[in-house]
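Each chain is listed here by its residues.
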Amino acid sequence: MQLLDGKKLSQKLELQVTNDVKTLKDKCGCTPGLAVVLVGQDPASAAYVNMKKKACDRVGFYSITHDMPENISQEAIEKTIKMLNNDTNVDGILIQLPLPAHIDETKLLELVAPEKDVDGFHPFNVGRLTTGLDGFVPCTPLGVMKLLAEYDIDVKGKNCVVVGASNIVGKPMASLLLNADATVEICHIFTDDLKKHTLAADMIFVGVGVINLIKEDMVKDGAVIVDIGINRADNGKLVGDVDFKAVSEKCSYITPVPGGVGPMTIAMLLANTLKAAKLNAQERA
Ligand code: NAD
């Protein structure tokens, strides 16, 4: 079994982004900018935003966080997004999810200018991904594809089972795999007999949020396992959705949690923001 080391690859990619930022600054005086909208006091969301801000600082981006109280109105957030859409210092806009229950998430995601949609959640970019056109692709599944490419793992013609069907993880993961000529199955909470599906898979991509969902008897020998889940175990440690110890004895490749897909997500946010900055610089030239 070989580990798919997302931490190592993300560090390499960060270095590339840092160099590209310097080149962009020299060429046109532009500094890529990321704006994050954070609503409420959820500690996990605050921790993720903090990690993203630190990553922006490391590579030389301009970054700003719009920290808003839990009880803020829909209109006030919409006003901020409209302002960010028109701010030339901002190339990428990220709305940290989840949002409080009284906020219409879909409406906010649709308000972000598609050319600043570095999370790839706007229906415009979702449509481009589904049709195989260039656009902004959600960071987590994009990071998974980069990680596979780094280890020369080709998905073409492989039986890929995606467990979890959210708009953020499972659905875009399935689209990317399909675009890369894999045979794709998507399983979710209502899938009958999950084991039947995973046992037939050459590759399993699981992003659900259930500790030890994928057990050793659900995986065929030599399968590739990508664990996207992030859960807090009773002992306080971060773990994924896969029973790592038992499954790693059976599979050919596996992502650790932490140190697998998580760091790749942040690296792809940087890459998407840089891409937006380059496109916006071209547009303004
Ligand atoms: P979500 O709650 O929006 O979606 C969960 C999906 O899992 C749903 O499609 C649901 O049908 C499915 N599901 C739930 N229980 C299941 C079960 N027992 N069997 C099969 N399917 C089941 O969650 P999400 O936002 O997609 O996040 C999923 C996981 O991925 C979470 O652990 C989250 O923390 C993690 N995540 C990790 C990263 C990263 O960078 N590694 C990024 C985003 C999300």
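See the structure shown above.
Residues numbered from 1 in each chain as written. Predicted model: local features only at pLDDT ≥ 70, side-chain atom pairs only at ≥ 80, totals over all residues. Heavy atoms only, no water.

J.: What should I look at first to understand the sheet that holds strand E1 (residues 2-3) in this one?
T.: Strand-to-strand pairing in sheets goes through backbone hydrogen bonds, with the strands running parallel or antiparallel. Strand order across the open sheet formed by six strands is E1-E11-E8-E7-E5-E6, with parallel pairing between neighbours. Lying at the two open borders of the sheet, with one neighbouring strand each, are E1 and strand E6 (183-187). Summarising the sheet, strand E8 (residues 224-227) and strand E11 (residues 253-254) pair through two bridges and their orientation is parallel. Within E11, the position partnered with Val224 by the bridge is Tyr253. Helix H7 (residues 170-179) contacts strand E5 (159-163), E6 and strand E7 (203-206) of the sheet and is inclined by roughly 170° relative to E5. (Pairing = 2+ DSSP bridges. Helix = DSSP H or I, 4+ residues; strand = E, 2+ residues; numbered from the N terminus. Contact = heavy atoms within 4.5 Å. Axes fitted to C-alpha atoms, helices over the stretch in contact; angles between N-to-C directions.)

J.: Mind showing me how you'd approach the pairing of strand E4 (residues 92-95) here?
T.: The side chains of a regular strand alternate, first on one face of the sheet and then on the other. Of the two faces of E4, both are covered, the one formed by Gly92 and Leu94 as well as the one formed by Ile93 and Ile95. Relative to E4, strand E2 (residues 33-39) runs parallel, the two being bridged by four bridges. Each residue of the ladder has a partner; that of Val37, found in E4, is Ile95. (Buried < 20%, exposed > 50% of the residue type's maximum accessible area, 1.4 Å probe, protein only.)

J.: I'm lost on the state of the cysteines in this one. Help?
T.: A covalent bond between the sulfur atoms of two cysteines is what we call a disulfide. In this structure the tally under the stated criterion is one disulfide. Each sulfur of the disulfide joining Cys28 and Cys30 lies 2.1 Å from the other. Sign of the S-S torsion, about -140° for the bond between Cys28 and Cys30, identifies this disulfide as left-handed. By relative accessible area, which is 15% here, Cys30 ends up buried. (Disulfide = S-S within 2.5 Å.)

J.: In this structure, what is going on with unusual backbone geometry? I would like to understand it.
T.: What you tend to see is this: most non-glycine residues have negative phi, and most peptide bonds are trans. The peptide bond linking Leu97 to Pro98 adopts the cis configuration, its omega dihedral lying at 0°. Structurally, Pro98 is set in the loop between E4 and helix H4 (105-111). Here the bond from Val257 into Pro258 is cis, since omega is 0°, no more than 30 degrees from zero. Within the fold, Pro258 resides in the loop between E11 and helix H10 (261-284).

J.: I keep staring at helix H3 (residues 74-85) and nothing clicks. Help me out?
T.: Two residues of an α-helix separated by three or four positions point the same way, owing to the 3.6 residues in each turn. In this model, H3 (twelve residues) spans 17 Å end to end at C-alpha, consistent with the 16 Å of a helix rising 1.5 Å per residue. Of the residues making up H3, those classed as buried are Gln74, Ile77, Glu78, Thr80, Ile81, Leu84 and Asn85. For H3, the angular spread of the buried residues around the axis is 160°, confining them to a single face. Facing away from the buried surface of H3 by more than 90 degrees, the exposed residues are Glu75 and Lys79. Check the buried side of H3 and you find it contacts E2, strand E3 (62-68), E4 and H4. (Expected span 1.5 Å × (residues − 1). Arc of directions from axis to C-beta.)

J.: Just checking my understanding: could you explain the pairing of E8 for this structure?
T.: Across the two faces of E8 the burial is the same, with Val224 and Val226 and Ile225 and Asp227 all buried. One ladder, built from four bridges, connects E7 with E8; its direction is parallel. Paired with Val206 across the bridge in E8 is Asp227.

J.: Quick question: what am I supposed to make of the sheet that holds E2 here?
T.: Spatial strand order, E3-E2-E4: three strands in an open sheet with parallel pairing. Two strands bound the open sheet, and with one partner strand each, they are E3 and E4. Averaged over neighbouring strand pairs, the angle between their axes works out to 15° when direction is ignored. Across seven bridges, the pairing between E2 and E3 is parallel. Counterpart to Leu38 in the pairing with E3 is Asp67. Running at roughly 165° to E3, H3 makes contact with E2, E3 and E4 of the sheet.

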